[in-house]
Amino acid sequence: MFDRHAPADGFFPSPVAGLQLIRASAPTDPLSVFYRPALCLVVGGRKRVFLNDQITEYGSDGHLVISQDLPALGQVVEASPLDPYLCVHLRFEQAEINRVVLDHGPPREPEGATTRAARGLYVEPSSAALLDAILRLVRLLDAPADQATMAPLIRREIVYRLLSSANGWRLARTARAGCCDHRIARVLEVLRARFRDSLGVRELAGIAHLSPSALNLNFKAVTSFTPLQYVKQLRLQEARRLVVSTDMDAAAVALTVGYDSPSQFSREYARMFGEPPLRDRARLRVSPGAFLLQGSCLASAAVAAQGVAT
């Protein structure tokens with residue numbers, strides 16, 4: 001299926017809602033990624049994800065679930081032309097999770113699970129039932145006439161399988177009104193849409209209906225960042241996407257992502273990515289994995305624009 005629908009290195013969006021295939025024939029540097037809620041199934045090679053203080057590596061022995069909007073670094077660590085990195089990436093919507101939880105009830109939480117929000121990224125083993133559903137979804141790429149009818153049904157089954165897994169309670173918490181995970185998801189939605197604005201902790205706490213201290217505690221539990229650190233991540237990751245994919249100068253990029261001071265922007269950019277914007281552009285444009293940066297971060301800009309519009 002990959003040889004037909006993702007024959008070269010890159011991102012390959014598909015006509016099946018939320019589904020894209022990714023191929024890389026060489027390891028990459030750690031590159032900034034803005035993850036939306038999704039399932040990532042690696043069927044060749046290995047991937048490493050850096051979420052601040054959490055390092056997660058996975059391959060075909062399991063799948064990655066992202067339950068919240070998270071800025072991270074992604075790195076392909078095993079790939080070659082003969083054994084490339086191959087990933088099925090399936091983006092899902094919160095409404096899909098809500099419907100399955102409403103119809104079937106939330107999964108039971110394990111003993112010892114706290115009321116604090118759960119980290120929004122985890123790896124777990126892939127069951128045979130889940131793999132079968134994902135394969136049937138990918139096979140719809142060869143059956144265009146079936147896509148409109150069958151894709152929503154298979155997507156629902158995949159969400160059901162994720163919720164039925166040992167870690168399904170972590171995903172289900174985002175659908176429980178009043179739960180801290182649900183409240184933090186609302187704050188992340190606002191920050192994603194308004195990362196260029198200056199939003200104070202008290203305003204964000206009001207959105208979450210939490211005290212400022214409770215917001216900081218639960219926000220960090222989900223994302224590993226404080227709200228202010230999270231906003232900086234969003235700004236700098238969107239800035240890096242613009243640096244790589246456009247010819248804007250550093251001052252223009254700084255203003256676009258919400259910085260008042262171009263010099264402060266350049267300092268923080270270099271501190272995060274190791275080099276100032278223009279030198280980083282020159283290096284990344286010849287990097288074998290630069291397409292991963294452009295493809296994965298496009299979601300940040302598109303979602304932000306959509307959020308502002310709505």
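Our subject is the structure that appears above.
Within every chain, residues take consecutive numbers counted from 1 along the sequence as written. Side-chain atom pairs in this predicted model are given and counted only at pLDDT of 80 or more, local residue features only at pLDDT of at least 70, and totals for whole chains, interfaces and linings cover all residues. Excluded from the side-chain calculations are hydrogens and water; all other atoms, namely the structure's heavy atoms, are used.

Caption draft 1: Expanded view of the overall build of the protein. Starting at the N terminus, helices and strands are each numbered in turn, a helix being any DSSP run of H or I of at least four residues and a strand any DSSP run of E of at least two. Assigned secondary structure in the protein consists of 13 helices and 10 strands. Taken along its principal axes, the extent of the C-alpha atoms in the protein is 55 × 50 × 35 Å. By the burial criterion, 51% of the 310 residues in the protein qualify as buried. Contact criterion: two residues are considered in contact whenever any of their non-hydrogen atoms come within 4.5 Å of each other. Partitioning the intrachain contacts of the protein with sequence separation of at least 6 by distance along the chain shows that 74% fall at a separation of at least 24. Only the protein chains shown count as cover for residues, with accessible areas throughout obtained via the Shrake-Rupley method and a probe of 1.4 Å. Accessible surface, the protein as shown: approximately 13800 Å² in total, 54% of it carbon and sulfur. Partly exposed describes any residue whose relative accessible area lies between the buried limit of under 20% and the exposed limit of over 50%, with all areas from a 1.4 Å probe on protein chains only and scaled to the type maximum.

Caption draft 2: Up close: the environment of L137. Relative to the assigned elements, L137 resides in helix α3 (residues 128-139). With a relative accessible area of 1%, L137 lands in the buried category. Put simply, L137 and I66 are 71 residues apart on the chain and 19 Å apart in space, counted from C-alpha to C-alpha. Not counting residues up to four positions away in its chain, the partners in contact with L137 are V16, L19, L90, A151, I154, R155 and I158.

Caption draft 3: Looking closely at the layout of surface pockets. Approximately 290 Å³ is the volume attributed to the second largest pocket. Cavities and pockets are found on a 1 Å grid laid over the protein atoms alone: a cavity is a set of points where a 1.4 Å probe fits but cannot escape, a pocket is an open set with protein on both sides within 12 Å along at least five of seven lines, and a lining residue has an atom within 4 Å of such a point. Taken together, 15 residues make up the lining of the second largest pocket; nearest its centre are N52, F225, Q233, L236 and M272. If you tally residues by element for the lining of the second largest pocket, the top one is helix α9 (residues 227-245), at six residues. Each residue receives one of three labels: charged for Asp, Glu, Lys and Arg, nonpolar for Ala, Val, Leu, Ile, Met, Phe, Trp, Tyr, Cys and Pro, and polar for the others, Gly being one of them. Taken together, the residues of the lining of the second largest pocket sort by class into eight nonpolar, four polar and three charged. Grid points are joined across faces, edges and corners, and a volume is the space filled by probe spheres set on the points.

Caption draft 4: Quick peek at the pattern of salt bridges. Salt bridges are identified by distance alone: a Lys or Arg side-chain nitrogen within 4 Å of an Asp or Glu carboxyl oxygen. For the structure on display, the rule yields 26 salt bridges. One salt bridge in this structure joins E57 and R48, with 2.8 Å as the shortest N-O distance. R240 serves as the salt-bridge partner of D280, at 2.8 Å between the closest nitrogen and oxygen. Highlighted residues: D280 in helix α12 (residues 277-284) and R240 in helix α9, separated in sequence by 40 residues. Among the charged side chains, a salt-bridge network with shared partners connects D29, R240, E275, D280 and R283.

These figures capture arrangement, not role.
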